[in-house]
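Chains, contacts and geometry: an overview
Residue strings, one per chain:
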Amino acid sequence: RRVHGDTRSEAFANNVLARMDDLVPTKIVFAVITAIVSFGGGMIPQLLSNSPTLVSSANCVSAGVLMGAALLHLISEASEEWIEKMKIGAYPWHLVMTGIGTITCAVVARGFSSHSHSHSHSHTSPHHTDDDEHQSLVDKQPHETPLATGVPYVLTLTMSFECFFTGIALGMETSPAACVAVFVAVVSHVWAEAFVLVVTAARAGMTSYHQKQLLFLFCLASPLGIGVGMTVEVAGARGTVSGVLLRGFCAGLFFFVALIELLPSELNNLSERREVLLRLFMFSCGFALMALVAIAHD
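Residues numbered from 1 in each chain as written. Predicted model: local features only at pLDDT ≥ 70, side-chain atom pairs only at ≥ 80, totals over all residues. Heavy atoms only, no water.

1. Let's talk about the overall build of the chain
- Broken down by element type, the chain carries 10 helices and 0 strands.
- Listing every helix and strand of the chain by position from the N terminus yields α-α-α-α-α-α-α-α-α-α.
- The proportion of buried residues among the 298 residues of the chain is 46%.
- Surface summary for the chain: the accessible area is close to 14800 Å², and the carbon and sulfur share equals 67%. (Helix = DSSP H or I, 4+ residues; strand = E, 2+ residues; numbered from the N terminus. Buried < 20%, exposed > 50% of the residue type's maximum accessible area, 1.4 Å probe, protein only. Areas by Shrake-Rupley, 256 points an atom, 1.4 Å probe, with all protein chains shown as cover.)

Structure, rendered in structure tokens:
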């Protein structure tokens, strides 16, 4: 019986390995596509940098995307998995983490606020450096208050971790259908997150070179996660308690950047009602985009 059981176990293991081998080329292609899509999303603000109106609209769309991602993607999935892991009635620590994420980002932003203002005044100086020449008009619009320089780093860290864990889940999939489903879910939002990351970095006064550095690090997150998922036999990080709490923290960060930093700065000092309505419409478009992504994912 033991020999028979060992034979069945070996046959099952060989079957799983064969299916994984069949999916390895597909997963490698998925990793490359994910990186390219992320990079493409991050380059959109660079292409729009010569038009102040388009830049302002992009900021409002980014705010809507962040709010939609927080409500419809991060908190929604975190709540479902929290109930599944901890059962109904468990204390919603993932929502506590959302509040902690917002508070943490506020502390980072206000802690660096004096540095941000001094950095912004340097752009109005008659002496320009080579880095200033690479600044987009996002950084130079007089009605905007620059973000704290620490905000883009926190945003890059949290979003990269979330993409890394999702990549692990994709890399560990042995079912072709499930692998494609996770890939579609990843690609449907990484481009938007990369877009928001570059806009936020530009608003914080970072040079084009430093914006691309953060974008490059973010683009590596999902492919690295896929590689780890393919090579290391671990439990799916996306469904663990730590992964749920991380998404709650990331949602709080998204709320702060969208509703306290990006949107109010775009609505300040607008004299015409038409301009205000246009900004709010673009904000709504960003939220609607993430709503459509959530519907398609379901």
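Having put the structure on the table, let's press on.
2. Thoughts on helix α8 (residues 208-231)
- Between its first and last C-alpha, α8 extends 35 Å over 24 residues, near the 34 Å set by a 1.5 Å rise per residue.
- Its axis deflected by about 30° at Ala221, α8 carries its strongest bend there, up to four residues before the proline Pro223. (Expected span 1.5 Å × (residues − 1). Bend = angle between axes of the 7 residues up to and from the residue.)

3. Quick word on the packing of aromatic side chains
- Per the stated rule, a full pass over the model turns up 2 aromatic pairs.
- Pairing Phe30 with Phe183 gives two aromatic rings, centres 3.9 Å apart and planes at 10°, and the pair type is stacked. Residue Phe30 is found in helix α1 (residues 2-47), and its partner Phe183 is found in helix α7 (residues 176-203); the two are separated by 153 residues along the sequence. Taken as a pair, Phe30 and Phe183 share a single burial class, namely buried. (Phe/Tyr/Trp six-rings, centres within 6.5 Å; stacked < 30°, edge-to-face > 60°.)

4. Some details on the pattern of salt bridges
- The tally for this structure, following the rule as stated, stands at 3 salt bridges.
- With a closest N to O distance of 3.9 Å, Glu266 and Arg279 form a salt bridge. Remark: Arg279 occurs in helix α10 (residues 273-297) and Glu266 occurs in helix α9 (residues 241-267); sequence separation between them is 13 residues.
- Judged by relative accessible area, which is 10%, Arg279 ranks as buried.
- Here Glu272 ties to Arg274 by a salt bridge, and the two come within 3.6 Å at their closest N and O atoms.
- With a relative accessible area of 39%, Glu272 lands in the partly exposed category.
- Residues joined in a network through salt bridges with shared partners are Arg203, Glu266 and Arg279. (Salt bridge = Lys/Arg side-chain N within 4 Å of Asp/Glu carboxyl O.)

5. So, the environment of Leu224
- Within the secondary structure, Leu224 sits in helix α8.
- On the basis of relative accessible area, Leu224 is assigned to the exposed category, the value being 51%.
- Separated by 193 residues in sequence, Leu224 and Ala31 place their C-alpha atoms 8.2 Å apart.

6. Quick word on the nonpolar core
- Leu66, Leu155, Met159, Leu170, Phe254 and Val257 are the most contacted members of the largest nonpolar core, which totals 56 residues.
- Elements supplying a minimum of two residues to this core: α1, α2 (52-86), α3 (93-111), α6 (150-172), α7, α8, α9 and α10.
- Among the elements that line this core, the one with the most residues is α7, at 14 residues.
- When residues no more than four places from it in sequence are discounted, the contact partners of Val257 are Leu66, Cys105, Val151, Thr200 and Leu262. (Core = buried A, V, L, I, M, F, W, Y, C linked by side-chain atoms within 4.5 Å. Contact = heavy atoms within 4.5 Å.)

7. Points about α9
- Taking 1.5 Å of rise per residue, the 27 residues of α9 would be expected to cover 39 Å, and the 38 Å separating its terminal C-alpha atoms lies within 8% of that figure.
- Ala258 marks the point of greatest bend in α9, at about 30°.
- With 20 of 27 residues buried, α9 is to be regarded as a mostly interior element.
- Asn269 occupies a position one or two residues after α9 and carries a positive phi of about 60°.

8. Some details on the confidence of the model for the chain
- Mean pLDDT over the chain works out to 74, with 71% of the residues at or above the 70 mark.
- Taken element by element, the chain is modelled with least confidence in helix α4 (residues 113-121), mean pLDDT 42, and with most confidence in α8, mean pLDDT 88.
- Note that pLDDT drops below 50 for residues 113-126; the model gives that stretch 14 contacts with residues more than four away or on any other chain.
- Scored below 50 in pLDDT, residues 133-143 shows 32 contacts in the model against residues more than four places distant or in partner chains. (pLDDT = per-residue confidence, 0-100.)

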